[in-house]
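# Fold and contact review
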Amino acid sequence: MNTRILLVDDDAMLCETLEVGLRKRGCDVRWRTMAAEALELLETTDFDVVLTDLNMRGVNGIELCERIVASRPDLPVVVLTAFGSLDSAIAAIRAGAYDFINKPVDLDVLFIALERAAGHRRLREEVKRLRVEVGQSPPFDELVGRSPPMQTVYNLIDRVAATDATVLITGESGTGKEVVARAIHARSRRRAGSFVAINCAAMPETLLESELFGHARGAFTDARTAEPGLFAQANRGTLLLDEIGDTPLGLQPKLLRVLQERTVRPVGGRTEIPIDVRVITSTNKDLESAVEDGHFRPDLYYRINVVQVPLPPLRARGGDILPLAQHFVLQFAKRAGKSVTGLAAPSAEKLLAYEWPGNVRELQNSIERAVALTRFEQIVVDDLPERIRDYRRSHVLVAGDDPSELVPLEQVERRYVRRVMEAVRGNKTAAARILGVDRKRLYRMLERLELRATSSPAQKRPEPC
């Protein structure tokens, strides 16, 4: 999209020079030599940014800036000032100018400033649009976002919900796996039944077995009465086995039998109880690697992986960050009884620049904090956590222009493979897919490049916000 610029300067030759230079850089430029003519043009034509000289005959740049800010607060104004004139620059900012540029003009510097101002305006328009859009009922309950990766998820949800097929939801911690499970249940023929969820990593094997299957009276010391398990509680409904990859090995064959036979035997009981349950599982682990390493039974893996719904990390769905943030702003503002309506544009820029290692959960917690702390109707940069305010994206430099800085091919390969492993949080299946190799070759690459230790920390779960 070409940046539309209105240039205002009483020096027609300078206007022509700037027009030629900016058009070569892809800008759409129109210019006027009087402020009154510029204001008249603004009534009928939309621009992304106004560039005005400070010292002009008649209405000067400060007055023009004040009038534009009063009538079109969404339109950024960049002011040209005499070199080194600090007082003029301060006056321009006080008048509401977005930025100022010193004369004589460096076209490259000017172009960057104008693009930044135009981008700021587009971001403000996007934030305003999201306030209206998010205020409406989301199409998938708590699932928010229209990025291509999420469209794939929605399509899978629609196709699998009407069946009773066992679903495996995969994705990093904090991506919203339980939300997807609830969306599947809400669209299934079992929606009138219960939705029951349990975290398989949160309790020891004996307690988990009792929670899932129930127990008979006297099955253990404190079992004074018989208790039904979660499979029985979810009868005619849906049971979510969250973090299925952390299920103890000793319990896995019993779980497999329940899924195959559709009956449960309570701990200490003698009779099998038939069940009618839709089972959904989820994990943030690479189960294929767990199977190969002997930490997960292959027969159970194939039994739960009938339909897989892979959830993308938030960093892979950048177009959804602002809709999600706006959704959380309205949610937490209502809960707190505060009149917070959305995000200021600089805050939105910070959210878009951050990589979100904790995914949607981290975004949700960050917005909850911001709503609690803010004193304004919009979330400002100071309301955001320090790690987001101060974040700077880092890049790995693999080569320079100086021949003495060039490195061996193996070192370049090591850096790239390490970067891929970090990006996928140590998921070898995903890394192999990105690198275009099979898993066995990936293992050999990691051993040859001595990267096994590098990939291990990436598998750790992100710290809670």
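Residues numbered from 1 in each chain as written. Predicted model: local features only at pLDDT ≥ 70, side-chain atom pairs only at ≥ 80, totals over all residues. Heavy atoms only, no water.

### Notes on the overall build of the protein chain
- On a plain count of helices and strands, the protein chain comes out with 20 helices and 16 strands.
- Counting over 465 residues, the protein chain shows a buried share of 45%.
- Only carbon and sulfur atoms are counted for the fraction: they give 51% of the accessible area of the protein chain, which is about 23900 Å². (Helix = DSSP H or I, 4+ residues; strand = E, 2+ residues; numbered from the N terminus. Buried < 20%, exposed > 50% of the residue type's maximum accessible area, 1.4 Å probe, protein only. Areas by Shrake-Rupley, 256 points an atom, 1.4 Å probe, with all protein chains shown as cover.)

### Some words on the environment of Y98
- Tracing the backbone through its elements, the reader meets Y98 in the loop between α4 (86-94) and β5 (99-103).
- Relative accessible area serves as the criterion here: at 27%, Y98 is assigned to the partly exposed category.
- Residues Y98 and L75 lie 23 residues apart in sequence; the distance between their C-alpha atoms is 9.1 Å.
- In contact with Y98, other than residues within four places in its own chain, are P76, V77, R116, A117 and H120. (Contact = heavy atoms within 4.5 Å.)

### Thoughts on the packing of helix α2 (residues 35-42) against helix α3 (residues 61-71)
- Viewed as axis vectors pointing N to C, α2 and α3 meet at an angle of 15 degrees, and their least axial separation amounts to 11 Å. The angle between the axes of α2 and α3 places the two elements in the roughly parallel class. The chirality of how α2 crosses α3 is right-handed. Along its contact with α2, which presents A35, L39 and L42, the element α3 presents L64, R67 and I68. (Axes fitted to C-alpha atoms, helices over the stretch in contact; angles between N-to-C directions. Parallel < 35°, antiparallel > 145°, perpendicular 65-115°, else oblique. Left-handed = near helix turned anticlockwise from the far one by under 90°.)

### With respect to the nonpolar core
- Grouped together as the largest cluster of nonpolar side chains are 28 residues, with contacts concentrated most on L212, F231, L239, L241, I244, F296 and I304.
- Per element, the largest residue contribution to this core is four residues, and it comes from helix α10 (residues 252-261).
- Excluding anything up to four places from it in sequence, F296 contacts I244, G245, L249, Q252, L287, A290, V291, Y301 and I304.
- Counting 26 residues, the second largest nonpolar core, distinct from the first, contains L314, F328, L363 and I367. (Core = buried A, V, L, I, M, F, W, Y, C linked by side-chain atoms within 4.5 Å.)

### Considerations on the sheet that holds strand β13 (residues 278-283)
- One open sheet accounts for five strands, arranged β7-β10-β13-β6-β14; its pairing is parallel. Both outer strands of the open sheet, β7 (195-199) and β14 (307-310), are each paired with one neighbouring strand and no more. Taken over all neighbouring pairs, the strand axes of this sheet differ in orientation by 20 degrees on average, direction set aside.
- Alignment of β7 against strand β10 (residues 238-242), held across five bridges, turns out to be parallel. The residue of β10 that forms the bridge with N199 is D242.
- The strands touched by helix α6 (residues 148-161) are β6 (167-170), β13 and β14; relative to β14, the strand with the most contacts, the crossing angle is about 155 degrees. (Pairing = 2+ DSSP bridges.)

### Here's the deal with the pairing of β13
- Across the six residues of β13, six count as buried, placing the element largely inside the fold.
- Note: β6 against β13, four bridges, orientation parallel. Each residue of the ladder has a partner; that of T170, found in β13, is T283.
- Where β10 meets β13, four bridges bridge the pair, whose relative direction is parallel.

### Digging into the packing of helix α18 (residues 428-435) against helix α19 (residues 439-448)
- Running from N to C, α18 and α19 point in directions that differ by 95 degrees, and their axes come no closer than 9 Å. Put simply, α18 runs roughly perpendicular to α19. On the side of α18, the interface is formed by K428, T429, A431, A432 and L435, while α19 contributes R439, L442, Y443, M445 and L446.
- Classifying every residue of the contact of α18 with α19 by side-chain character gives seven nonpolar, one polar and two charged. (Nonpolar A, V, L, I, M, F, W, Y, C, P; charged D, E, K, R; others polar.)

### Observations concerning the packing of aromatic side chains
- For the structure on display, the rule yields five aromatic pairs.
- An angle of 25 degrees between the planes, with centres 5.9 Å apart, marks the rings of F213 and F231 as stacked. Note that F213 is positioned in helix α8 (residues 205-213) and F231 in helix α9 (residues 230-233), a separation of 18 residues in sequence.
- F231 gets classed as buried once you look at its relative accessible area, which sits at 1%. (Phe/Tyr/Trp six-rings, centres within 6.5 Å; stacked < 30°, edge-to-face > 60°.)

### Topic: the environment of C65
- Its location among the elements puts C65 in helix α3.
- Sequence separation between C65 and A97 is 32 residues; the distance between their C-alpha atoms is 6.4 Å.
- Beyond its immediate sequence surroundings of up to four residues, C65 is in contact with V77, A92, A95, G96 and A97.

### Concerning the pattern of salt bridges
- Summed over all chains, the structure comprises 26 salt bridges.
- K103 is the partner of D53 in a salt bridge, and the nearest nitrogen-oxygen pair spans 3.0 Å. Of this pair, D53 sits in strand β3 (residues 49-53) while K103 sits in strand β5; the two residues are 50 residues apart in sequence, bridging distant segments of the chain.
- By relative accessible area, D53 is classed as buried at 6%.
- Linking E362 and R387 is a salt bridge whose minimum nitrogen-to-oxygen distance equals 2.9 Å. (Salt bridge = Lys/Arg side-chain N within 4 Å of Asp/Glu carboxyl O.)

### Let's talk about unusual backbone geometry
- Here the residue pair K103 and P104 is connected by a cis peptide bond, since its omega of -5 degrees sits within 30 degrees of zero.
- With respect to the secondary-structure elements, P104 resides in the loop between β5 and α5 (107-135).
- Even without a glycine there, the phi angle at N359 is positive, about 60 degrees.
- In this structure, N359 sits in helix α15 (residues 359-373).

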